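Take a look at the letters that make up each chain.
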Amino acid sequence: MPAKRRDLPIGVFDSGIGGLTVLKALRERLPGESLIYLGDTARLPYGTKSAAAISHYAVQAAHALVSTGIKALVVADNTSSALALETLRTEFPGLPVIGVVEPGATAAGHASANGRIVVIATESTVQAGSYPRAVLNSRPGAQVRSLACPLFVSMTEEGMVDGPIAEQIARHYLAPLFLDPEPALRGDCLLLGCTHFPALAPLLHDLLGPEVAIVDSATTTASAVEDVLTHRRLAATHGTPHIRYMSTDAPDRFARIAAIFVPWPLTAEQVELVDIG
Ligand code: DGL
């Protein structure tokens, strides 16, 4: 393997800004790797769009990243991972394409004691049924319920990740699944199947209590990426790791909302405006 390819950045793609939760996990897990993030904020949300539109957008976003020179593509967007992963793998043969569905589902299969797992995601991800299929692959016999929580996306982007209103909305969605009067029927694992939802994890943990394991796809995806890089001998060996940000709309909003998802400061000047359509 020529050193050059190993030292290219990993491309990370999301419909918007929430995928920074995956970028953060990648930075923590793989501090020697350079990363290039593209948020398709102009066409956000993907979570309410048709499968055809999502695949079309995902391929365009992937082409934009590939044209900058990347060694692997991480599809941080759950909706694209659920609906467009195979299309992307066909479109870019030879490029490792890692989605978030399988790593998250495998982690949930391991984390649940009673096999009652609830997946929360966008509407399109839920309709695709990819999470339940992936959970059942890793944990045959599991009882998986999926629930679309569209309000969680806008709440998070408004910075409403705690407080009484956020708690009421979370209770509205989740109480029927986790607070069943019959303890044996209660879910014991909540899988966060959307980029934005890790920001709500502390609130959800307080609401559901310690008996419900909360699993997100971000950290498990980062370790899946590490495995792929090791296996393909693509781990970086040289160079100073850096992060580059690209957005298809409003870099100033991107930089502002980013503060909800990553602990490091970001300015609008650091975010390149790109046209990928
Ligand atoms: N990034 C999306 C996901 O993880 C959430 C936002 C959207 O609907 O585009 O499914």
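Please refer to the structure placed before this passage.
Residues numbered from 1 in each chain as written. Predicted model: local features only at pLDDT ≥ 70, side-chain atom pairs only at ≥ 80, totals over all residues. Heavy atoms only, no water.

1. As for helix α12 (residues 251–261)
So, point 1. Among all positions of α12, only P251, F254, A255, I257, A258 and F261 are buried.
So, point 2. Against the buried residues of α12 lie α2 (20–29), β2 (35–39), α8 (150–157), β9 (243–247) and β10 (271–273). (Buried < 20%, exposed > 50% of the residue type's maximum accessible area, 1.4 Å probe, protein only. Helix = DSSP H or I, 4+ residues; strand = E, 2+ residues; numbered from the N terminus. Contact = heavy atoms within 4.5 Å.)

2. Things to note about unusual backbone geometry
So, point 1. Looking along the chain, the bond that leaves L44 and enters P45 is cis, with omega of 0°.
So, point 2. Mapped onto the elements, P45 comes out in the loop between β2 and α3 (51–68).
So, point 3. Positive phi, close to 55°, is recorded for R233, a residue that is not glycine.
So, point 4. Judged by its relative accessible area of 56%, R233 falls in the exposed class.
So, point 5. If you check the backbone angles, A250 has positive phi at about 40° while not being a glycine.
So, point 6. By the secondary structure assignment, A250 is in the loop between β9 and α12.
So, point 7. Overall, the relative accessible area of 27% leaves A250 in the partly exposed class.

3. Considerations on the environment of L136
So, point 1. When you line up the elements, L136 lands in helix α7 (residues 130–138).
So, point 2. It is 7.9 Å that separates the C-alpha atoms of L136 and G109, two residues lying 27 residues apart in sequence.
So, point 3. In this structure, L136 is in contact with G141 and A142, ignoring residues within four places of it in sequence.

4. Focus on the sheet that holds strand β1 (residues 10–14)
So, point 1. Judged by pairing direction, the sheet is parallel, and its six strands sit side by side in the order β4-β3-β1-β2-β9-β10 without closing on themselves. At either end of the open sheet lies a strand with only one pairing partner, and these are β4 (97–99) and β10. The mean inter-strand angle of the sheet, taken between neighbouring strand axes irrespective of direction, is 20°.
So, point 2. In the sheet, β1 pairs with β2 via five bridges, with the strands oriented parallel. Residue I10 lies in a different strand from β2, and its bridge partner there is L35.
So, point 3. Against the sheet, helix α11 (residues 217–231) touches β1, β3 (72–75) and β4, its axis set at about 160° to β4. (Pairing = 2+ DSSP bridges. Axes fitted to C-alpha atoms, helices over the stretch in contact; angles between N-to-C directions.)

5. Re the site of the ligand
So, point 1. Neighbouring residues of the ligand: 13 residues in total, closest S15, Y46, G47, D77 and T79.
So, point 2. With respect to the ligand, the side chain of T79 contributes an N or O atom lying 2.6 Å from an oxygen atom.
So, point 3. Notes on the ligand: free accessible area 300 Å², of which the protein chains cover 99%.
So, point 4. Among the residues forming the shell around the ligand, the class breakdown is four nonpolar, seven polar and two charged. (Near = heavy atom within 4 Å. Polar contact = N/O pair within 3.5 Å; in protein donor to acceptor, adjacent residues only side chain to side chain. Areas by Shrake-Rupley, 256 points an atom, 1.4 Å probe, with all protein chains shown as cover. Nonpolar A, V, L, I, M, F, W, Y, C, P; charged D, E, K, R; others polar.)

6. Overview of the pairing of β9
So, point 1. Bridge analysis of β2 against β9 gives five bridges, and the strand direction is parallel. Residue pairing for β9: L38 is matched across the bridge by M246.
So, point 2. Summarising the sheet, β9 and β10 pair through three bridges and their orientation is parallel. Note that in β10 the partner of M246 across the bridge is E272.
So, point 3. In terms of handedness, the path from β9 via α12 over to β10 forms a crossover that is right-handed. (Right-handed = clockwise from strand over helix to strand, strands pointing away.)

7. A word on the layout of surface pockets
So, point 1. Here the largest pocket is characterised by a volume of approximately 490 Å³.
So, point 2. Secondary-structure elements contributing two or more residues to the lining of the largest pocket are α4 (78–91), β4, α5 (101–111), α7 and α11.
So, point 3. With eight residues, the top contributor of residues to the lining of the largest pocket is α4.
So, point 4. By residue class, the composition of the lining of the largest pocket is twelve nonpolar, seven polar and six charged. (1 Å grid on protein atoms, 1.4 Å probe; cavity = no way out; pocket = protein on both sides within 12 Å on 5 of 7 lines; lining within 4 Å. Points joined across faces, edges and corners; volume = space filled by probe spheres on them.)

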